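Topology and contacts: notes
If you want the building blocks of each chain, they are given just below.
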Amino acid sequence: MSLTLKEAQRRVDAWIGRFEEGYFPPLLMLARLTEETGEVARVLAHAHGKTPKPGEAAGELAEELADLLFVLISMANSHGIDLEEAFLAALAKYEARDADRWTPKQP
């Protein structure tokens, strides 16, 4: 299945909209984003040399990145941000600002 950022934002909004509680308040959303970022860090640490604690699963990077994306989309939605538009602007910024920052690959 393939979906755009706009579609992902609509699906997250539709799912959260099913519940009376709605979106988390901003600081709780930030805490969730930080928590999910920590889980990504844990998986990467386990994949690159850190030994998991006894009984601790190594974790799956794809699952943790998807959880992080869900929270990020939730945060964007709760602030009325069009992530697709914002991401395209960010790409344009990086392409212009960093065009000569690194050594290009030779064909």
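Residues numbered from 1 in each chain as written. Predicted model: local features only at pLDDT ≥ 70, side-chain atom pairs only at ≥ 80, totals over all residues. Heavy atoms only, no water.

**Focus: the side chain of E64**
With respect to the helices and strands, E64 occurs in helix α3 (residues 61-78). The contact partners of E64, leaving out residues within four places of it in the chain, are E36, E39, V40, R42 and V43. (Helix = DSSP H or I, 4+ residues; strand = E, 2+ residues; numbered from the N terminus. Contact = heavy atoms within 4.5 Å.)

**Re the UniProt feature "domain: NTP pyrophosphohydrolase MazG-like" (unreviewed entry) in the chain**
The positions that UniProt labels "domain: NTP pyrophosphohydrolase MazG-like" (unreviewed entry) are, in the present scheme, residues 26-102. Helix makes up 71% of residues 26-102 and strand 0%, whereas the separation of the span's terminal C-alpha atoms amounts to 37 Å. (UniProt positions renumbered as here; feature names shortened; annotations may be inferred.)

**Re the environment of E36**
Within the element layout of this structure, E36 appears in helix α2 (residues 26-47). Here E36 is in contact with E64, D67, L68 and V71, once residues within four sequence places are set aside.

**A look at the pattern of salt bridges**
Per the stated rule, a full pass over the model turns up 6 salt bridges. Between R42 and E64 there is a salt bridge whose closest N-O contact spans 3.8 Å. Taken together, the residues R42 in helix α2 and E64 in helix α3 connect sequence positions 22 residues apart. Exposure remark for E64: the relative accessible area of 7% places this residue in the buried category. Among the salt bridges present, the one from D98 reaches R101, with a minimum N-O distance of 3.7 Å. Look at D98 and you get buried, because its relative accessible area is 14%. Each of R32, E35 and E36 takes part in a single network of salt bridges with overlapping partners. (Salt bridge = Lys/Arg side-chain N within 4 Å of Asp/Glu carboxyl O. Buried < 20%, exposed > 50% of the residue type's maximum accessible area, 1.4 Å probe, protein only.)

**Thoughts on the nonpolar core**
Judged by nonpolar contacts, A8, V12, I16, I73, A76 and L83 together constitute the single largest core of 6 residues. At 3 residues, the largest contribution of residues to this core is made by helix α1 (residues 5-16). Filtering out sequence-adjacent residues up to four positions away, I16 remains in contact with G22, Y23, F70 and S74. In this structure, L33, V40, L68 and V71 belong to the second largest nonpolar core, which totals 5 residues. (Core = buried A, V, L, I, M, F, W, Y, C linked by side-chain atoms within 4.5 Å.)

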